[in-house]
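Structural features, examined
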Amino acid sequence: MAGTDSSASSRQSSFNSLAKDLELPVEQGCLSIVVLGASGDLAKKKTFPALHHLFEQGFIQAGEVHIFGYARSNLSDEGLRERIRGYLKGASEEHLTEFLQLIKYVSGSYDSGEGFDKLNKEISEVEMSNKSGSSRRLFYLALPPSVYPSVCKMIRTYCMNPTSRAGWTRVIVEKPFGKDLDSAEELSSQLGELFEEDQLYRIDHYLGKELVQNLLVLRFANRLFLPLWNRDNVDNIQIVFREDFGTDGRGGYFDQYGIIRDIIQNHLLQVFCLVAMEKPVSLKPEHIRDEKVKVLQSVNPIKDEEVVLGQYQGYKDDPTVPDDSNTPTFASIVLRVHNERWEGVPFILKAGKALNSRKAEIRVQFKDVPGDIFRCKKQGRNEFVIRLQPSEAMYMKLTVKKPGLEMATEQSELDLSYGMRYQNVTIPEAYERLILDTIRGDQQHFVRRDELKAAWQIFTPLLHDIDAGKLKAVSYQPGSRGPKEADELSEKVGYMQTHGYIWIPPTLA
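Computed from a predicted model, the values in this text were never measured in an experiment.

Before going further, it helps to examine the packing of aromatic side chains. Tallying each qualifying case throughout the model produces 15 aromatic pairs. Seen in terms of ring centroids, F225 and F384 are 5.0 Å apart; in terms of plane orientation they differ by 40°. Their pairing is tilted. You can see F225 sitting in the loop between α8 (210–220) and β7 (234–242) and its partner F384 sitting in strand β12 (residues 383–389), a full 159 residues away along the chain. The same class applies to F225 and to F384, which are both buried. Its guanidinium or amino end placed over the ring of Y257, K179 lies 5.4 Å from that ring's centre, counting from NZ or CZ. Sitting over the ring of Y206, K209 keeps its end group 5.1 Å from the ring centre.

In structure tokens form, the structure reads like this:
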């Protein structure tokens, strides 16, 4: 365990330095993490495994942290531990047992005080036994948004950290944050009456992905990109999310939201912000979020003719989906930014289910070379591609001379594939990174209230038109690229597809 203690100490020292730069307080003492909805799928598959990884790496310590599961299910402490044991991978039995012993379970409803009063007593008991005198309480709502108001009211009434002890209370809420502008504002108002903005952490797990977090470094720490990242050099930008499976038994739930609410309005729009925003004054969370809001407010209203909606054949075979459903399982939407940097550059946000591949990526396509003396325009343009998942990578597509005696050209790439370059590094899961940020009080990678409002202002008119049946989803074949109309739209706004070139992730073999 000496090596583990040493590495944990090194990480703590590194954080202390970062915290000083961001003006975050360096804290120690009793930390209570409460997972509400502890018996649900999100908690079992994401939240508890993320906490386990943080524990394994020494970011949360056995002497400081206590984890509480809260749900309606009638379970014992051991019953919850056994439920989640199978989802905790890669640990020795000793480490696993040590982590599971940190977890206690409290049963109660989400809208009555009895269960939350009992939860508060359990938390207070471990705080009193800790000699630090601090009370840090983190509540993770792994719950449907419909119960957020009642749960938050119970937390506010029964479970806030006592004013007699130093510390804080913070609440993580999961998407979806409403279904349109009005419902999002109503939810924000309800939560805003109970908590200050610096206590609320609206989680979007895409902001915890390694390559998404690399965007600010890439753009603002490399002189190479500073003169290129604008309308003078960039022709178009695509932000793409593709899944090779359908709704898989979640049809009834998905049909209430659709692909725009589920993926584009949150995940892809957050990536768009980091790609398009101006350089912040500093790395302080508020400075970064200020720039994200500014670029969202610069987006023009979406035009109907720059939208393609699709629904895969067989979607309505799910008995939980209405026979007349117009809910899109695919959408391609062009955003246009009205500012000095991006005027005239289309941002194509595209997401779909039941397609021919699974990937998420950013594709920056540059303009044609003026005075093309090599006549290589037909081979394709320069592109800078950031592969977010799977096989995390960044690569630049370039035209080069083909080896041999002839003066022939072909497309190749400069490639940074993480699996090759960082072979002995485990890329952390998004959830563990964002939970750690919450513990540290760093809101940089969370959605602020005015940012959420600006995002919904962009998409609400389109969503209301879809809900009213004014825009129809066209049918597409499962396992295809999606509707052919989407490729036609991309071509119409300027995207030029490269034919004959396929990026192949490098391997050690």
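After presenting the structure, the write-up continues.
Bringing the side chain of D235 into the picture now. Among the secondary structure elements, D235 is positioned in strand β7. A polar side-chain atom of D235 sits 3.3 Å from a polar atom in the side chain of R381. Ignoring sequence-local partners within four residues, the contact set of D235 consists of V345, P346, Q365, F366, K367, R381 and G494.

Along the chain, the position of S417 falls in strand β14 (residues 409–417). In the structure, S417 is positioned 22 residues away from Y395 in sequence and 7.8 Å away in space, judged by C-alpha atoms. In this structure the side chain of S417 is engaged in a polar contact, spanning 2.6 Å, whose partner is the side chain of D415.

This next bit is on the packing of helix α6 (residues 148–158) against helix α7 (residues 181–192). Where α6 contacts α7, the axes come no closer than 9 Å and their chain directions differ by 10°. With respect to each other, α6 and α7 are oriented roughly parallel. Between α6 and α7, the contacting residues are Y148, P149 and C152 on the first element and L187, Q190 and L191 on the second. Partitioning the contact of α6 with α7 into residue classes produces 5 nonpolar, 1 polar and no charged.

Let's shift gears to helix α2 (residues 41–56). The terminal C-alpha atoms of α2, which comprises 16 residues, lie 22 Å apart, in line with the 22 Å expected from a rise of 1.5 Å per residue. Here α2 has its buried residues at A43, K44, T47, F48, P49, A50, L51, H52, L54 and F55. Once α2 ends, the next one or two residues include G58, with phi positive near 85°.

About the criteria used
Residues numbered from 1 in each chain as written. Predicted model: local features only at pLDDT ≥ 70, side-chain atom pairs only at ≥ 80, totals over all residues. Heavy atoms only, no water. Phe/Tyr/Trp six-rings, centres within 6.5 Å; stacked < 30°, edge-to-face > 60°. Helix = DSSP H or I, 4+ residues; strand = E, 2+ residues; numbered from the N terminus. Buried < 20%, exposed > 50% of the residue type's maximum accessible area, 1.4 Å probe, protein only. Lys NZ or Arg CZ within 6 Å of the ring centre and 35° of its normal. Polar contact = N/O pair within 3.5 Å; in protein donor to acceptor, adjacent residues only side chain to side chain. Contact = heavy atoms within 4.5 Å. Axes fitted to C-alpha atoms, helices over the stretch in contact; angles between N-to-C directions. Parallel < 35°, antiparallel > 145°, perpendicular 65-115°, else oblique. Nonpolar A, V, L, I, M, F, W, Y, C, P; charged D, E, K, R; others polar. Expected span 1.5 Å × (residues − 1).

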